[in-house]
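# A closer look at the structure
These are the residues of each chain, in order.
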Amino acid sequence: MALRSLSRMSLLLVAALLMPLIVTTFEKPLQFAPHLCVALVTVLFWEGSFAILRRKPVSFHGITTALIVCVLIPRDLTLWQLVFALSLGVVLGELVFGGRGFSFLNAATVTLSLLIFSFPQVELAAPSQTLALATLPGAVMLLAFGLISSRVLIGCVLGAAAVLASGSHQIDAVSTLTALAFGLVFLTAYPLTAAATNPGRWFYGAFAGGLIVVLSQGATLNTEAVVFGSLIASIFAPLIDHLVMLTHARRRRARHV
Amino acid sequence: MCRPKGLEQLTHFTIKGGAKPSVTNAPPQQIAATEVPDSVALLGQDMLDMRPKYMVSEGDVVTCGQTLFSDRSHPEIAFVTPISGVVSQLSYGPRRTLSACIIYTEGQSPQSENAVVSDFNAAASARDVLLSRGMWPAFRTRPFGRIPTPKAVPEAIFVNAKTTSPLAPDPAVVLDGQLDAFCTGMSVLSALTEGIVYICQSQGVTLCPEMDRVQAVTFSGSPAAGLAGTHIDRLHPVSLDRQVWSIGYQDVAAIGHLFQTGRYHAERVVSIAGPAAPEPRLVQTVLGANIADISRNERACGLSGDPNSGCAAQFLGRFHDQITLVENEAPAKPSGWIARLFSAKGALVPTQGIERALAIDILPIPLMRALSVGDSEAAVRLGCLALIEEDVAALSRQCTSGADYGELLRHVLDDLMKEVA
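The shown structure was predicted, so the numbers you read here are calculated from the model rather than taken from an experiment.

### Some words on the overall build of chain B
- If you tally the helices and strands in chain B, you get 13 helices and 19 strands.
- Classification of the 421 residues of chain B by burial places 51% in the buried group.
- Put simply, 70% of the contacts in chain B that link residues at least 6 apart link residues at least 24 apart.

Shown next, in the form of structure tokens:
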């Protein structure tokens, strides 16, 4: 199935996020609505401001950033902290680069990283098994539309498993996958910041998975590690792609001789 | 004389990747009628950057096969009229390149006038005959996809007799009855190169006689199996110093007719199909025919080419054997490459659809990025020399940015040509 515009991609992401959002609503019923409202107003304010500054039509891609952030923030996060982190994340992670698709970072990953950097007492929400299960239908849909790559997903799980196994930890597959699922689908596998070549996607996924385990410093993966792992992996994604291109070019040259 | 080679001996390739076929309204595979257009045109878009030196002027009466103009930089290459009639318009494009040369039949029956036997001299070399009798522009070089220079010698020649779309004419049907001419054409081609002349065709009916340095190769699979770029990539990958040529199967038959009868053979079988075609059919017409004349359909908009890569046109393109009729109210694409470049506002989303869009072993997303910024060095490293516009049409359809990668590729190839020259 072809995805012919950026707006359709954002729409698809929102659709994939619906189930996790419903689960989050039930898990933190009191805090979710204010978080969501404030997050949406913040991203739309910045999207609108940049649209006016750059004299371009307003885009609504920031909504997906707000939704992803709302799922992963802790219930005791104050609203000003959310506004602060989200503003910096959306502006520095995406809008200063020219908007969705021109940045090498995922705005949601940047927002969550900034939250952890700036407020050491803040601990991101640990995904429940229900949330992990609710991620599944969206993940299947994104896979069917080719928006996320199964190579990244499998690579990440394999990378995490390999590092866990080498560390002689007791591997609990269910808790590992629960901790990984949401972040893996919406942060690590985010197509605009993951590696953009098929061989590169394997390395990228495995690298991210390994990093997540290393950063977790233990057998149980935490959300902070997932966020940081995704951030660092996406910074390295262009390098991974470049190395893949060099190898590929060498192979092509070999065919010509 | 044409002994078919056993199919089991043929090299076969199954092609994966490439655009999904879009099948609507396929024509029955038999030539339904002969449609003579009121006007035909030679179009500048089929002869990139060719600056013409006109041999005729507007209002002149010309007979089929008469030279209309030659290439200013290579005067040996003659461009001839596909019908007899009156030259009605000669127009220049930018930098005195050809825009269009339109000829009206003016009530004369081109069929009867067509049989002009000329001064065909058997002693002249095949190359001179092709150059002077208007068959040279049927070749396209790879890399770059241009008309070869008169002295160029290709390492191999690829005859593309593979169609994947059920909307296109079936080569077996078209060549039925002209196999003799096709064989003659093949032997002429083998005189142009010291390498192999490949016939790329479907499995099943063999079009290929067993001849010296002629090799039949079968392809099947996705629509990309019908692209010359795919055949060349599998059999003889090109580079700056490895040039091959490609040519269509109907042009090979036309070369055969030229060498057998001395007559310029402009007749081509074209399919008229598409969602708005009331009755899809195959018709015999001539090169560059006016689409409205031969499709006899005022209401629908005619695309020259297949439904995926065809563009709205008044005349049939030189290398097209399909006319796709679509509803008139179809959203018009922005015309002109500048408009298209500027309308490409969105970003490129690296989807799996793009990964599957090319049948050639090229990393598509790095290539699209290199083409978008006009980085010719990176594009060459990634393998852009193996491609021409038709090969990357699938990328443009899959991409969220709205960029026309065919146009972008052409700019990069033009830059590379200037560097080489």
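### Notes on the overall build of chain A
- Scanning chain A for helices and strands turns up ten helices and zero strands.
- The globule rule puts the C-alpha radius of gyration for 257 residues at 18 Å, and the 18 Å found for chain A is close to it.
- With respect to the principal axes defined by its C-alpha atoms, chain A has extents near 65 × 50 × 35 Å.
- The buried share of chain A, reckoned over its 257 residues, is 49%.

### Regarding the interface of chain A and chain B
- Contact residues are listed per partner, giving 24 residues for chain A and 21 residues for chain B.
- Contributions of two or more residues to the side of chain A that touches chain B are made by helix H1 (6-27) and helix H10 (223-256) of chain A.
- Top contributing element to the side of chain A that touches chain B by residue count: H10(A), with seven residues.

### Notes on the packing of helix H2 (residues 29-54) of chain A against helix H4 (residues 79-93) of chain A
Residue and element names in this part refer to chain A.
- Two elements in contact, H2 and H4, have axes whose closest approach is 9 Å; the angle formed by their N-to-C orientations is 35°. You can see that H2 and H4 cross each other, and the crossing is right-handed. Across the interface between the two elements, Pro-34, His-35, Val-38, Ala-39, Thr-42, Val-43 and Trp-46 from H2 touch Leu-79, Leu-82, Val-83, Leu-86, Ser-87, Val-90 and Val-91 from H4.

### Describing the domain arrangement of chain A
Residues and elements named next belong to chain A.
- Taken domain by domain, chain A holds domain 1 (6-118) and domain 2 (129-256).
- Relative to domain 2, the C-alpha centre of domain 1 lies at a distance of 22 Å.
- Across the contact, 21 residues belong to domain 1 and 24 residues belong to domain 2.
- Mapped by element, the contributors of at least two residues to the side of domain 1 that touches domain 2 are H1, helix H3 (62-72) and helix H5 (107-118).

### Considering the pairing of strand E6 (residues 67-71) of chain B
Residues and elements named next belong to chain B.
- Buried residues dominate E6, accounting for four of its five residues.
- Strand direction decides the pairing type here: strand E4 (residues 52-54) and E6, joined by three bridges, are antiparallel. Residue Pro-52 lies in a different strand from E6, and its bridge partner there is Asp-71.
- Bridging between E6 and strand E7 (residues 78-80) involves three bridges; their strand directions are antiparallel. Its bridge partner being in E7, Thr-67 is matched across the sheet by Val-80.
- Taken together, E6 and the strand that follows it, E7, pair antiparallel across an intervening segment of six residues.

### Quick notes on the domain arrangement of chain B
Residues and elements named next belong to chain B.
- Assigned domains within chain B: domain 1 (1-27 + 35-268), domain 2 (269-326) and domain 3 (337-420).
- Top element by residues in the side of domain 1 that touches domain 3 is helix H5 (residues 228-235). It accounts for four residues.
- Tallied by class, residues from the side of domain 1 that touches domain 3 come to ten nonpolar, seven polar and two charged.

### A word on the nonpolar core
- Core analysis: the largest hydrophobic core is formed by 196 residues, its most contacted members being A:Val69, A:Tyr204, B:Ile157 and B:Val159.
- With ten residues, the top contributor of residues to this core is H10(A).
- Once residues within four sequence positions are removed from consideration, A:Tyr204 is found in contact with A:Val152, A:Gly155, A:Ala194, A:Ala195, A:Ala233, A:Ala237 and A:Ile240.

### As for the packing of helix H7 (residues 150-166) of chain A against helix H9 (residues 198-216) of chain A
All names here are of chain A.
- In contact at an axis separation of 6 Å, H7 and H9 are set at 40° when each is read in the N-to-C sense. Regarding the angle of H7 to H9, the classification is oblique. Classified by chirality, the crossing of H9 by H7 is right-handed.
- Counted by class, the contact of H7 with H9 contains 18 nonpolar, six polar and two charged residues.

### Quick word on the pairing of strand E8 (residues 85-92) of chain B
Residues and elements named next belong to chain B.
- The sheet contact formed by strand E5 (residues 61-62) and E8 spans two bridges and is antiparallel. Note that in E8 the partner of Val-61 across the bridge is Val-86.
- Pairing analysis gives six bridges linking E8 to strand E9 (residues 98-104), with the strands arranged antiparallel. Note that in E9 the partner of Ser-91 across the bridge is Ala-100.
- Hairpin connection between E8 and E9: a loop of five residues separates the two successive antiparallel strands, and Arg-95 in this loop has a positive phi of roughly 55°.

### Regarding helix H10 (residues 364-372) of chain B
Residues and elements named next belong to chain B.
- In terms of burial, H10 is largely enclosed, as seven of its nine residues are buried.
- Every buried residue of H10 is accounted for by Pro-364, Ile-365, Pro-366, Leu-367, Met-368, Ala-370 and Leu-371.
- After H10 finishes, the residue Gly-374 shows a positive phi value of roughly 70°.

### Some points on unusual backbone geometry
- B:Arg142 connects to B:Pro143 through a cis peptide bond whose omega is 5°.
- Here B:Pro143 shows up in the loop between strand E10 (140-142) and strand E11 (156-161).
- Of note, the phi angle at A:Arg55 is positive, near 50°, even though the residue is not glycine.
- Along the chain, A:Arg55 turns up in the loop between H2 and H3.
- For A:Arg55, a count of 6 C-beta atoms within 10 Å corresponds to the exposed category.
- The backbone of B:Arg96 shows a phi angle near 55°, a positive value even though the residue is not glycine.
- Along the chain, the position of B:Arg96 falls in the loop between E8 and E9.

### As for helix H13 (residues 405-420) of chain B
Residues and elements named next belong to chain B.
- Counted at 1.5 Å a residue, the expected span for H13 with its 16 residues is 22 Å, and the 22 Å between its end C-alpha atoms agrees.
- Among the residues making up H13, those that are buried are Tyr-405, Gly-406, Leu-408, Leu-409, Val-412 and Leu-413. Viewed end-on, H13 has its buried residues packed into an arc of 160°, placing them on one side of the element.
- In this structure, the buried side of H13 is in contact with H10, helix H11 (376-382) and helix H12 (389-398).

### Some remarks on the environment of B:Ser84
Residue and element names in this part refer to chain B.
- The topology assignment puts Ser-84 in the loop between E7 and E8.
- Judged by the 22 C-beta atoms lying within 10 Å of it, Ser-84 falls in the buried class.
- Sequence spacing of Ser-84 and Gly-353 is 269 residues, and the spatial spacing of their C-alpha atoms is 47 Å.

### Examining the sheet that holds strand E19 (residues 322-326) of chain B
All names here are of chain B.
- Pairing is mixed in the open sheet, where six strands are placed in the order E2-E16-E15-E19-E17-E18. Unpaired on one side and paired on the other, strand E2 (31-34) and strand E18 (311-312) mark the two borders of the sheet.
- Of the pairings in the sheet, the one linking strand E17 (residues 301-304) to E18 comprises two bridges and is antiparallel in character. What sits directly across from Ser-304, in E18, is Cys-311.

About the thresholds
Residues numbered from 1 in each chain as written. Chains lettered and ligands numbered in written order. Predicted model: local features only at pLDDT ≥ 70, side-chain atom pairs only at ≥ 80, totals over all residues. Helix = DSSP H or I, 4+ residues; strand = E, 2+ residues; numbered from the N terminus. Buried ≥ 20, exposed ≤ 12 C-beta atoms within 10 Å, placed from the backbone. Contact = placed C-beta atoms within 7 Å. Rg over C-alpha atoms; globule rule 2.2 N^0.38 Å. Axes fitted to C-alpha atoms, helices over the stretch in contact; angles between N-to-C directions. Left-handed = near helix turned anticlockwise from the far one by under 90°. Domains from an automatic or database assignment. Pairing = 2+ DSSP bridges. Nonpolar A, V, L, I, M, F, W, Y, C, P; charged D, E, K, R; others polar. Core = buried A, V, L, I, M, F, W, Y, C linked by C-beta atoms within 7 Å. Parallel < 35°, antiparallel > 145°, perpendicular 65-115°, else oblique. Expected span 1.5 Å × (residues − 1). Arc of directions from axis to C-beta.

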